Structure formats: structure tokens, C-alpha cells
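Examination of the molecular architecture
Here is how the chains run, residue by residue.
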Amino acid sequence: MAESSSQSIVISATPAQIAEVICDYPSYPSWTQAIKVAEVLEEYEDGYPATVRFVIDAGVVQDEYTLHYDYAEDISRIEWHLVAPSKMQKAQTGAYDIVDNGDGTCTVTYSLTIDLSIGMLGMFKKKAEKAILDTALKELKKRVEA
């Protein structure tokens, strides 16, 4: 059963700077630990990636999957869903919500829902989801503020 998790972080940057890093999927392997490949398969007419194939290797968790992305017109929300089930996932939906705090910082909220293909105890799944969110936001902050 899929459960949703979310977490927020404050980043010293403009919404455009944050969105630019989030949407540069091919660079993910250079600044994220688990993502080994991020390949844009299809783009929208405006150049934003529409579908992206990922290969992850986080030790015991290894998977290959494709996500389809949608973007708010003002790029304040970037959301995605799993195109087809993978080895590890039945479904995945997620979003980055970027809110300008008006002081040179933004609050970025990362929401994620994953329905795994493999059995996992609830407490371990919740701990894994928290670790994914925490790591993703910290790596994003470090990349944007670099």
C-alpha cells in the first residue's frame, strides 16, 4: 500500500534557480549519490523534459524506471508519475513545490508516494522514505547554493 511522505527545506536562491537545477535531469548523476543515469527520452515544445529514464543504485535498492513530468506555468510546481511498473515499484508520484519567501530564499517541499513491488514492513518503508526525502532535499540545497 502506498503512503505519501513530504518534507521541506529552505534554499537561498530564486525559484528560477531552483527549478533550473531540478529540471537538469542529465546532471543528476554528478550531484546525487543514488542516481547513476538520468536520460531525457522526450521533451515538451518549450524544451522542458517530459519523460526521463533513471537508473538508481543505493546499495540494496537498485532499479531502472521512467518518470513523466508536468510543470506549473510559473514553474512553482514540478510533478511526476511512474510511466510503467519497474522491478521495485508498482507506482510512484511526486512533486517539488517551490515557494518564494520574499527574502532571497525559497521553501522547497518534496512530496513522494511510492507503491513498492516488493514487500517491506511499514516502519522500514517509512524510514526509507524519510531518508530518500532528506537526502534529496539536502543534495538539492547543496547543488543550488554551490
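Look above for the structure.
Residues numbered from 1 in each chain as written. Predicted model: local features only at pLDDT ≥ 70, side-chain atom pairs only at ≥ 80, totals over all residues. Heavy atoms only, no water.

1. What to know about the overall build of the protein
Heads up, the rule is: Each helix is a run of H or I in the DSSP string that is no shorter than four residues. Each strand is a run of E no shorter than two, and both are numbered from the N terminus. C-alpha atoms define the radius of gyration, and 2.2 Å times the number of residues to the power 0.38 defines the globule rule. Only protein chains enter the area calculation, which uses a 1.4 Å probe; residues under 20% of their type maximum are buried, those over 50% are exposed, and those in between are partly exposed. Throughout, the Shrake-Rupley method with a 1.4 Å probe supplies accessible areas, and for residues the shown protein chains are the sole cover considered. Charged residues are defined narrowly, with Lys and Arg counted positive, Asp and Glu counted negative, and His plus the chain ends left uncounted. In this description, the location of a charge corresponds to atom NZ of lysine, CZ of arginine, CG of aspartate or CD of glutamate.
A tally of regular secondary structure across the protein gives three helices and seven strands. Going residue by residue from the N terminus, the α and β elements of the protein occur as β-α-α-β-β-β-β-β-β-α. For 146 residues, the compact-globule formula gives about 15 Å, and the C-alpha radius of gyration of the protein, at 15 Å, lands near that figure. Structurally, the protein occupies a C-alpha span of about 45 × 35 × 25 Å along its principal axes. For the protein, with 146 residues in total, the buried portion stands at 40%. Accessible surface computed for the protein: about 8,100 Å², of which carbon and sulfur atoms make up 54%. One finds the centroid of the 13 positive side-chain charges in the protein at a distance of 12 Å from the centroid of its 23 negative side-chain charges.

2. Describing the pattern of salt bridges
Convention followed: In the sections that follow, a salt bridge refers to a side-chain nitrogen of Lys or Arg positioned within 4 Å of a carboxyl oxygen of Asp or Glu.
Following the criterion strictly, the structure yields six salt bridges and no others. As a salt-bridge pair, Glu-79 and Arg-77 come within 2.8 Å of each other at their nearest N and O atoms. Looking at Glu-79, the relative accessible area reads 32%, which means it is partly exposed. Relative accessible area serves as the criterion here: at 33%, Arg-77 is assigned to the partly exposed category. With a shortest N-O distance of 2.6 Å, Arg-77 and Asp-97 are connected by a salt bridge. In this pair, Arg-77 is assigned in strand 5 (residues 77-82) and Asp-97 in strand 6 (residues 89-100), connecting sequence segments 20 residues apart. What emerges from the salt-bridge pattern is a single network uniting Glu-39, Arg-53 and Glu-64.

3. Remarks on the pairing of strand 2 (residues 35-43)
In plain terms, the rule: We call two strands paired when DSSP finds no fewer than two bridges between them.
In this structure, strand 2 lies alongside strand 3 (residues 49-58), joined through seven bridges in antiparallel fashion. Within strand 3, the position partnered with Glu-43 by the bridge is Pro-49. Counting the residues in the hairpin turn of strand 2 and strand 3 gives five residues, including Gly-47, whose phi is positive at 95°.

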